[in-house]
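# Structure assessment
Here is how the chains run, residue by residue.
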Amino acid sequence: MLNEIVNFLNGWESKNGFQLSASLEGDSIVIEESDSDQVMSLTQDGEQLICMTTAIRSDEVAPEKVSELHDFMLSMSLPMPLSSFGKMGDEYVIFGAMHSDTTLNNVAEEVETLLLNAEAMADELTQFKGA
Amino acid sequence: MSLLSKIWTSVRGGATEAGEAIVDSQSIRIMEQELRDADKDLNAARAGLGSIVGQVTGLKREAADYQEKIDNHMDYAGQALDAGDDALAEEIAEKIAEYEEELAVRTSAIEVSDKQANLMKDQIRQNERAIAKLKREKDMIKTTEKVQSAQKAVAGKFSGANSSLRSATESLERKRKAQIELGDRMQADQDLQNEEGGADLAAKMAKAGIGDAKKSSKDVLDRLRAKKKA
């Protein structure tokens, strides 16, 4: 399935002007968007596909704003369409999940939604950055 | 430490080193054994429940039979009494008493079995929940391993000078810098164009003899002649 997704994403014509470039690295797909420079991963875990991108790293955040950042992320996870905030090690991530049974079109749209959310949130997250 | 705590420790710590498991193998073995035991208990409880339910069904059928006999014999006893046959009525009454004893035994057994069945149903529900919890923890371990592996894949692809994962905020900053630089370049080009355009224009004006045109020797002589005439 991952190979199919790679091929589909590479040929995908985005309605939002995104230019996706996907490659299979091990058992994960790495997706780059050329205009925003954004990078994301897509992996299959049993019955779900999980798409994820790093929103901000811990070392970018001003120490005195960490608590406020967490408040922001918890609050914004709900209204953010199809995506949620999470934390893996030193990275605050935005991720979305869908059933493995889904269509390739849905996968591409989920990837785009994640990109749009990441772009929108990146702007908001700059207020928490350190010097 | 619970399995969930171990998963949290792993997620907090970031992607594991190659070969290092999210949760130690001992914990995994314990979890898998617990799953097997819980499955076994669940199957035994379901079989036990099935057996009790079967017993209760049989008992209820027998109880119903005895009740029917009691009802019928009460009728017969009544008829015997009506016929004045007390001896027969007494015999029938003895039979009724036997049937009532049998019914009482079965009614009591049904009550006990019903209580047992309810206990087993509770047990089954608890087992099912325990199994669901263990399976969920197993799935969470798998998911954690998968996403950490995905992160490593992204980091591995872009390793080198920028070995840490590129964040959305960094991408935005880069994009904005690039836009500013592009804007500056375009402005510089425009300025250059204006300058060159200005030089061109000055040259054209000079050719047409307009504006601060280059002074020629002819102009100087003409002015001198004019002065002399004056």
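Source: prediction; values computed, not measured.

From N to C terminus, chain A includes three helices and six strands. Ordering the α and β elements of chain A from the N terminus gives α-β-β-β-β-α-β-β-α. Intrachain contacts of chain A at a sequence separation of at least 6 include 58% that bridge at least 24 residues. Counting every atom, chain A has about 6,000 Å² of accessible surface; 49% of that belongs to carbon and sulfur.

Right, let's get into the environment of Ser108 of chain B. Considering the arrangement of structural elements, one finds Ser108 of chain B in helix H3 (residues 86-157). Residues Ser108 of chain B and Leu59 of chain B, spaced 49 residues apart in sequence, show a C-alpha to C-alpha distance of 9.9 Å.

Residue and element names in this part refer to chain B. Judged by side-chain charge, Arg36, Lys135, Lys138 and Lys142 come together as a positively charged surface patch. Per-element accounting of the positive patch gives the leading share, three residues, to H3. With respect to the element layout, Lys142 can be found in helix H3. On the basis of relative accessible area, Lys142 is assigned to the partly exposed category, the value being 39%.

All names here are of chain A. Overall, antiparallel pairing links the six strands, which are arranged E1-E2-E3-E4-E6-E5 in an open sheet. The two strands at the open ends of the sheet, each matched to only one other strand, are strand E1 (20-25) and strand E5 (84-88). Each strand of the sheet is rotated relative to its neighbour by a mean of 30 degrees, with strand direction disregarded. Pairing between E1 and strand E2 (residues 28-33): six bridges, direction antiparallel. If you follow Ser23 over to E2, its bridge partner there is Val30. Those strands touched by helix H3 (residues 104-125) are E1, E2, strand E3 (39-45), strand E4 (48-57), E5 and strand E6 (91-99), and its axis lies near 155 degrees from that of E6.

What counts, and at which threshold
- Residues numbered from 1 in each chain as written.
- Chains lettered and ligands numbered in written order.
- Predicted model: local features only at pLDDT ≥ 70, side-chain atom pairs only at ≥ 80, totals over all residues.
- Heavy atoms only, no water.
- Helix = DSSP H or I, 4+ residues; strand = E, 2+ residues; numbered from the N terminus.
- Contact = heavy atoms within 4.5 Å.
- Areas by Shrake-Rupley, 256 points an atom, 1.4 Å probe, with all protein chains shown as cover.
- Patch = residues over 30% accessible without salt bridge, like charges linked within 9 Å, V, L, I, M, F, W, Y side chains within 5 Å.
- Salt bridge = Lys/Arg side-chain N within 4 Å of Asp/Glu carboxyl O.
- Lys, Arg positive; Asp, Glu negative; His and termini not counted.
- Charge placed at Lys NZ, Arg CZ, Asp CG, Glu CD.
- Buried < 20%, exposed > 50% of the residue type's maximum accessible area, 1.4 Å probe, protein only.
- Pairing = 2+ DSSP bridges.
- Axes fitted to C-alpha atoms, helices over the stretch in contact; angles between N-to-C directions.

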